[in-house]
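Letter by letter, the chains look like this.
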Amino acid sequence: MDFHTLAKKRYACRKYTSAKVGREELDRILEAGRIAPTGANRQPQRLLVVQSDEGLAKLARCARDFGAPCAVIVCADTTEAWTRRYDGKTIGDIDATIVTDHMMLAAASLDLDTLWVCAFDPAALSREFAIPEGWEPVNILLIGYGADTPASPERHAKTRKPLAATTFFERF
């Protein structure tokens, strides 16, 4: 499957079956995150896989889980992330985002559905999962088998702004 077909296939899944994500599939998804590029190759991502009933119950106290049987809490170790010297911007959140995107697309290539969650209580998440000081929870990637009809890959023609509305050449 070419990249555009894969990217259009992926959709925000908000209802999952109870089927577990296999270890082989999960390892392939995690490997996609491992090989994702990061600033200065610092690799500040810290991934916490949550699959147990107890872990998923803790997650549900911090964010909506939409019934997903697996979640990856994606954190950035701010002590290891690269910092831009011009303005002091530490890019651990950007690195974590790239890692999440790689994992999300890898899941789609394996016919698994995902939801990228940023609506969560970071303090509660840190408390529930004992996230170390200096590790910023950036997002949560829910993974599983969708229980609803997937969104049409052709939806982007109507739901996305035209390229000319977001892209400029040489100057704004």
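Residues numbered from 1 in each chain as written. Predicted model: local features only at pLDDT ≥ 70, side-chain atom pairs only at ≥ 80, totals over all residues. Heavy atoms only, no water.

K.L.:
Whenever I open this one, the overall build of the chain confuses me. Can you help?
P.N.:
What the chain contains, in helices and strands, is seven helices and four strands. Taken from N to C terminus, the helices and strands of the chain fall in the order α-α-β-α-β-α-β-α-β-α-α. In terms of overall size, the chain behaves like a compact globule, its C-alpha atoms giving a radius of gyration of 17 Å where 172 residues would be expected to give roughly 16 Å. Its C-alpha atoms put the chain at 50 × 45 × 25 Å along the principal axes. The buried share of the chain, reckoned over its 172 residues, is 40%. Residue pairs at least 24 apart in sequence account for 78% of intrachain contacts in the chain once pairs closer than 6 positions are excluded. Carbon and sulfur atoms provide 53% of the accessible area of the chain, an area that totals close to 10,200 Å². Charge centroids of the chain, computed over 23 positive and 23 negative side chains, lie 5 Å from each other. (Helix = DSSP H or I, 4+ residues; strand = E, 2+ residues; numbered from the N terminus. Rg over C-alpha atoms; globule rule 2.2 N^0.38 Å. Buried < 20%, exposed > 50% of the residue type's maximum accessible area, 1.4 Å probe, protein only. Contact = heavy atoms within 4.5 Å. Areas by Shrake-Rupley, 256 points an atom, 1.4 Å probe, with all protein chains shown as cover. Lys, Arg positive; Asp, Glu negative; His and termini not counted. Charge placed at Lys NZ, Arg CZ, Asp CG, Glu CD.)

K.L.:
Mind showing me how you'd approach the sheet that holds strand 1 (residues 45-50) here?
P.N.:
Within a sheet, adjacent strands bond to each other through the backbone by hydrogen bonds, running parallel or antiparallel. With antiparallel pairing, four strands are arranged side by side in an open sheet as 1-2-4-3. At either margin of the open sheet sits one strand with a lone partner, and together these are strand 1 and strand 3 (113-117). Neighbour to neighbour, the strand axes of the sheet diverge by 25° on average, direction disregarded. In this structure, strand 3 lies alongside strand 4 (residues 135-144), joined through five bridges in antiparallel fashion. (Pairing = 2+ DSSP bridges. Axes fitted to C-alpha atoms, helices over the stretch in contact; angles between N-to-C directions.)

K.L.:
Could you clarify how one ought to interpret the pattern of salt bridges in this entry?
P.N.:
Oppositely charged side chains may form a pair once their charged atoms are brought near each other. Counting across every chain of the model gives eight salt bridges. The salt bridge partner of Asp-111 is Lys-9, with a shortest N-O separation of 2.3 Å. Placement of the pair is Asp-111 in the loop between helix 4 (92-109) and strand 3 and Lys-9 in helix 1 (residues 3-9), with a sequence separation of 102 residues. Between Asp-27 and Arg-23 there is a salt bridge, with its nearest N and O atoms 2.8 Å apart. A residue pair is termed a helical-turn pair when its members lie 3 or 4 positions apart in one helix, as Asp-27 and Arg-23 do in helix 2 (residues 23-34) at four residues. The class of Asp-27 is partly exposed, set by a relative accessible area of 35%. Arg-23 sits in the exposed class, given a relative accessible area of 62%. (Salt bridge = Lys/Arg side-chain N within 4 Å of Asp/Glu carboxyl O.)

K.L.:
How should the packing of helix 2 against helix 4 be read in this particular structure?
P.N.:
The geometry of a pair of packed helices is captured by two quantities: the angle between their axes and the separation between those axes. One can describe the packing of helix 2 onto helix 4 by two numbers: an axis separation of 7 Å at closest approach and a directional angle of 145°. Crossing geometry of helix 2 relative to helix 4 is assigned as right-handed. Where helix 2 abuts helix 4, its residues Arg-28, Ile-29, Leu-30, Ala-32 and Gly-33 lie against Val-99, His-102, Met-103, Ala-106 and Ala-107. (Left-handed = near helix turned anticlockwise from the far one by under 90°.)

K.L.:
Please clarify how unusual backbone geometry should be interpreted in this entry.
P.N.:
Residues apart from glycine generally show negative phi values, whereas peptide bonds are mostly found in trans. Despite not being glycine, Phe-66 has its phi angle at roughly 55°, a positive value. Examined against the element boundaries, Phe-66 turns out to sit in the loop between helix 3 (53-60) and strand 2 (70-77). Positive phi values are uncommon outside glycine, yet Glu-170 reaches one of about 75°. With respect to the element layout, Glu-170 can be found in the segment after helix 7 (163-166).

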